[in-house]
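# Residue-level structure breakdown
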Amino acid sequence: MDLRIFTEPQQGASYDTLLTVAKATEDLGFDAFFRSDHYLAMGSADGLPGPTDAWITLAALARETRRIRLGTLMTAGTFRLPGVLAIQVAQVDQMSGGRVELGLGAGWFEEEHKAYGIPFPKEKFGRLEEQLAIVTGLWETETGKTFDFDGTYYRLTDCPALAKPAQEKLPVLIGGHGAKRTPRLAAKFADEFNIPFASVEDSERQFGRVRAAAEEAGRKGSDLVYSNVLVACVGKDDAEVARRAAVIGREVDELKENGLAGSPAEVVDKIGRYAAVGSSRIYFQILDLDDLDHLELIASEVQSQLG
């Protein structure tokens, strides 16, 4: 079971804070540091000191870390043109020495688009499919040859298909709860399928859909990595769990129901239930980025039992 750290900087985090968390992620033996791709805080968070851009952040972290993998859950397809995104991700992969993974989604948070003047198209899923075809197609094009694409939303002509990632195959993540189109896209383009904030039962159902779609597409269902994102709130005792829940504005019972909360033993047991339905990678959503003791506890008392 791979354990990864996932952050939500739009809720309020400077680059220095993210760097500190990323270095702790590496030092404590976690597999990867991922971040969201949003420009506006959600809920009651003030978002101070303001948003940070996902790929600028990851470019900087690529030079400040040495082992951990780096990526997004999920880059919003509405934020970037696919040709430009392919260049950005390839460059960051080169800067990291081949440690980058691209999670790409359609984009969903309409309010942040309005706030920052970003177009929010009605037909996002069709655009996402073309974006995935372009990004992966550019990377797969043999050096010295050109790439053309004539789609409904995007057209590329005589593109040199540069730059290339450092990795021969840069992993692409697709995720979501959709019952039909999402599994089909994952089967066609993804190396990893991720389901966010889902129960064990819903995860099992969605993983099954993706496996079936992969088989229909001529792939093995086992060709993909299956993963979950779950909010983390772990404590040595009930008081510590309650304190951490209060800091992030959540109730302990709700966190235990919907996330990875409670004692290390409780969290290990729940991760085991996800593993039983096919998950081999867990992204711990860490909402209090100043609480490095939380990461240390997860590393020493949870990761140590699952490594």
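Computed from a prediction, not measured in an experiment: that's the story for all the values here. (Residues numbered from 1 in each chain as written. Predicted model: local features only at pLDDT ≥ 70, side-chain atom pairs only at ≥ 80, totals over all residues. Heavy atoms only, no water.)

### Some words on the overall build of the protein chain
Here is the rule: Each helix is a run of DSSP H or I of at least 4 residues and each strand a run of E of at least 2, with the numbering of both proceeding from the N terminus. Atoms counted for the radius of gyration: C-alpha only. Globule rule: 2.2 Å times the number of residues to the power 0.38. The contact rule is simple, with two residues in contact once any of their heavy atoms fall within 4.5 Å. For the area figures, the Shrake-Rupley method with a 1.4 Å probe applies, and any residue is considered shielded solely by the protein chains shown. Charge assignment in this entry is limited to Lys and Arg as positive and Asp and Glu as negative, and neither His nor the chain termini are counted. One atom stands in for each charge, and that atom is NZ of Lys, CZ of Arg, CG of Asp or CD of Glu.
Check the secondary structure of the protein chain and you find eleven helices and twelve strands. In terms of C-alpha radius of gyration, the protein chain reaches 19 Å, essentially the compact-globule figure of 19 Å for 307 residues. If one aligns the C-alpha atoms of the protein chain with their principal axes, the spans along those axes are about 60 × 45 × 35 Å. In the protein chain, of all internal contacts separated by at least 6 residues, the share reaching a separation of at least 24 is 72%. As displayed, the protein chain has an accessible area near 13,600 Å², and 50% of this comes from carbon and sulfur atoms. Computing the positive centroid from 34 side-chain charges and the negative centroid from 47, the protein chain places the two 5 Å apart.

### Re the packing of helix α6 (residues 181–189) against helix α7 (residues 200–216)
Condition: Note on definitions: angles span 0 to 180 degrees between N-to-C directions of axes, and those axes are lines fitted to C-alpha atoms, for helices only across the stretch in contact. The labels follow the angle: roughly parallel below 35 degrees, roughly antiparallel above 145, roughly perpendicular from 65 to 115, and oblique for the rest. Crossing handedness: left-handed means the near helix sits turned counterclockwise from the far one by under a right angle, and right-handed means the same turn made clockwise. Note that Gly is not counted as nonpolar here; it falls among the polar residues with everything else outside the nonpolar set of Ala, Val, Leu, Ile, Met, Phe, Trp, Tyr, Cys and Pro and the charged set of Asp, Glu, Lys and Arg.
Closest axis-to-axis distance for the α6/α7 pair is 8 Å, and the angle between their directions is 50 degrees. Between α6 and α7, the interaxial angle falls into the category oblique. Considering how the two elements wind past one another, α6 and α7 form a crossing that is right-handed. Listed contacts from α7 to T182, P183, R184, A186 and A187 of α6 are Q206, R209, V210, A213 and A214. Considered class by class, the residues forming the contact of α6 with α7 number six nonpolar, two polar and two charged.

### Examining the packing of aromatic side chains
Applicable threshold: When the centres of two rings from Phe, Tyr and Trp lie within 6.5 Å, Trp using its six-membered ring, the rings pair. Their planes under 30 degrees apart give stacked, over 60 give edge-to-face, and anything left gives tilted. The rule for a charge over a ring is simple: NZ of Lys or CZ of Arg within 6 Å of the ring centre, and within 35 degrees of the ring normal.
For the structure on display, the rule yields seven aromatic pairs. Clustering of aromatic rings is evident, with ring pairs tying together Y39, F79 and Y116. We note R211 situated over the ring of Y226; from NZ or CZ to the ring centre the distance is 4.5 Å.

### Comments concerning the nonpolar core
Stated formally: Definition used in this section: a nonpolar core is a set of buried Ala, Val, Leu, Ile, Met, Phe, Trp, Tyr and Cys residues joined via side-chain atoms within 4.5 Å. Exposure classes here rest on a 1.4 Å probe applied to the protein chains alone. A residue is buried below 20% of its type maximum, exposed above 50%, and partly exposed in between.
In terms of nonpolar packing, the biggest core is built from 76 residues, with W55, W139, I271, F284 and V302 touching the most fellow members. Aside from chain neighbours lying at most four places away, what touches W139 is A86, V89, A90, L102, A163, K164, P165, L170 and V172. The next biggest cluster of nonpolar side chains, apart from the first, holds seven residues, and it includes F6, A32, L73 and Y283.

### Concerning empty space enclosed by the protein
Convention followed: Residues are said to line a cavity or pocket when one of their atoms sits within 4 Å of a point; the points come from a 1 Å grid over protein atoms alone, cavities being sets where a 1.4 Å probe fits but cannot get out and pockets being open sets with protein on both sides within 12 Å along at least five of seven lines. Grid points are joined across faces, edges and corners, and a volume is the space filled by probe spheres set on the points.
Summed over the entire model, instances satisfying the criterion amount to one cavity of 30 Å³ or more. Of the volumes computed, that of the largest cavity is approximately 70 Å³. Residue classes in the lining of the largest cavity are distributed as five nonpolar, one polar and three charged.

### Section: the environment of T157
Tracing the chain through its elements places T157 in strand β7 (residues 155–159). Assessed through its relative accessible area of 63%, T157 is described here as exposed. Put simply, T157 and D31 are 126 residues apart on the chain and 39 Å apart in space, counted from C-alpha to C-alpha. Beyond its immediate chain neighbours, meaning those up to four positions away, T157 contacts F147 and D148.

### Quick notes on unusual backbone geometry
Backbone torsion omega between L48 and P49 reads 10 degrees, so that peptide bond is classified as cis. Structurally, the position occupied by P49 is in the loop between β2 (32–35) and α2 (54–64). We note that D158 has phi near 50 degrees; this positive angle belongs to a residue other than glycine. Inspection of the secondary structure assignment puts D158 in strand β7.

### Brief notes about the layout of surface pockets
Estimates place the volume of the largest pocket at around 1,200 Å³. What lines the largest pocket is a set of 47 residues, and nearest its centre among them are E8, H38, M42, F197 and Q285. Counting only elements with at least two residues in the lining of the largest pocket, the list comes to β4 (75–76), β5 (100–105), α5 (125–140), β8 (172–175), β9 (192–196), β10 (225–234), α9 (252–258) and β12 (281–286). Within the lining of the largest pocket, the residues separate by chemical class into 23 nonpolar, 17 polar and seven charged.

### Concerning the packing of helix α3 (residues 82–96) against α5
Between α3 and α5, the least distance of the axes is 9 Å, while the angle of their chain directions is 45 degrees. Considering the angle they form, α3 stands oblique to α5. Where α3 crosses over α5, the two elements pack in a sense that is right-handed. Seen from α3, the contacting residues are P82, G83, L85, A86, V89 and A90; seen from α5, they are Q131, I134, V135, L138 and W139. Partitioning the contact of α3 with α5 into residue classes produces nine nonpolar, two polar and no charged.

### Quick notes on α7
Note the following rule: Working rule for helices: expected span equals 1.5 Å times residues minus one. In this description, the arc belongs to the directions extending from the helix axis to the C-beta atoms.
For α7, with 17 residues, the first-to-last C-alpha span of 24 Å sits near the 24 Å given by 1.5 Å per residue. Taken together, the buried positions of α7 are occupied by V200, S203, Q206, F207, V210, A213 and A214. Axial view of α7: buried residues confined to an arc of 150 degrees, hence all on one face. Exposed residues lying more than 90 degrees from the buried face of α7 are E201, E215 and E216.

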